[in-house]
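Geometric and topological summary
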Amino acid sequence: MSEAGRKIILVAACALIDTDGRILLAQRPEGKSLAGLWEFPGGKVESGETPEETLIRELEEELGIQTKVACLAPLTFASHTYETFHLLMPLYICRRYEGIPHGREGQAIKWVRPQALRDYPMPPADEPLIPFLQDLL
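Notes on the structure follow. Fair warning: this is a prediction, and the values are worked out from it, not measured in the lab. (Residues numbered from 1 in each chain as written. Predicted model: local features only at pLDDT ≥ 70, side-chain atom pairs only at ≥ 80, totals over all residues. Heavy atoms only, no water.)

1. Looking at the sheet that holds strand β7 (residues 109-112)
The antiparallel open sheet is built from three strands, whose spatial order is β3-β2-β7. With partners counted over all chains shown, the strands left at the sheet margins are β3 (38-39) and β7, one partner each. As defined by bridge partners, strand β2 (residues 23-27) adjoins β3 across two bridges and the pair is classed as antiparallel. Bridge assignment links Gln27 to a residue of β3, and that residue is Trp38. (Pairing = 2+ DSSP bridges. Helix = DSSP H or I, 4+ residues; strand = E, 2+ residues; numbered from the N terminus.)

2. Let's talk about the environment of Leu72
With respect to the helices and strands, the residue Leu72 is situated in strand β5 (residues 72-81). Considered as a pair, Leu72 and Arg95 are 23 residues apart in the sequence and their alpha carbons are 8.0 Å apart. When neighbours within four sequence positions are excluded, Leu72 is seen to be in contact with Cys14, Glu52, Leu55, Ile56, Thr67, Tyr92, Ile93 and Cys94. (Contact = heavy atoms within 4.5 Å.)

3. Quick word on the pairing of strand β1 (residues 7-16)
Taking burial as the measure, the ten residues of β1 include seven buried ones, the bulk of the element. Pairing geometry for β1 and strand β6 (residues 85-94), over eight bridges, is parallel. What sits directly across from Cys14, in β6, is Tyr92. One ladder, built from three bridges, connects β1 with strand β4 (residues 42-44); its direction is antiparallel. Looking at the pairing, Ala13 lines up with Gly42 of β4. (Buried < 20%, exposed > 50% of the residue type's maximum accessible area, 1.4 Å probe, protein only.)

Take a look at the structure:
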């Protein structure tokens, strides 16, 4: 497919950070593309949604936690070409949220130290985000 005909998909991702400076990763469940890989929680931005609204919705749906727009700080973004689409993914930092994160969709989750992020296989779009998090934390 030519670059010009490739669809751009906007996905918002969140680096949820706990009080120990660890980052939450979620494992993509069986049956989904890139199953078994670890990623930052988030999801596709729906029509009429801002990336921040997407993260508030997705964090509630996926992890059972609540946060507010004021608690989401943009850090960087990924721009990655997959075979059938191009992914544009802003990455936000969130340190303030209510509730205890748990995998509401059956996915495994893990709190990971920044220096250990590369020990977890990730989708190609997530990998370039690691150095920004390591620098921040």
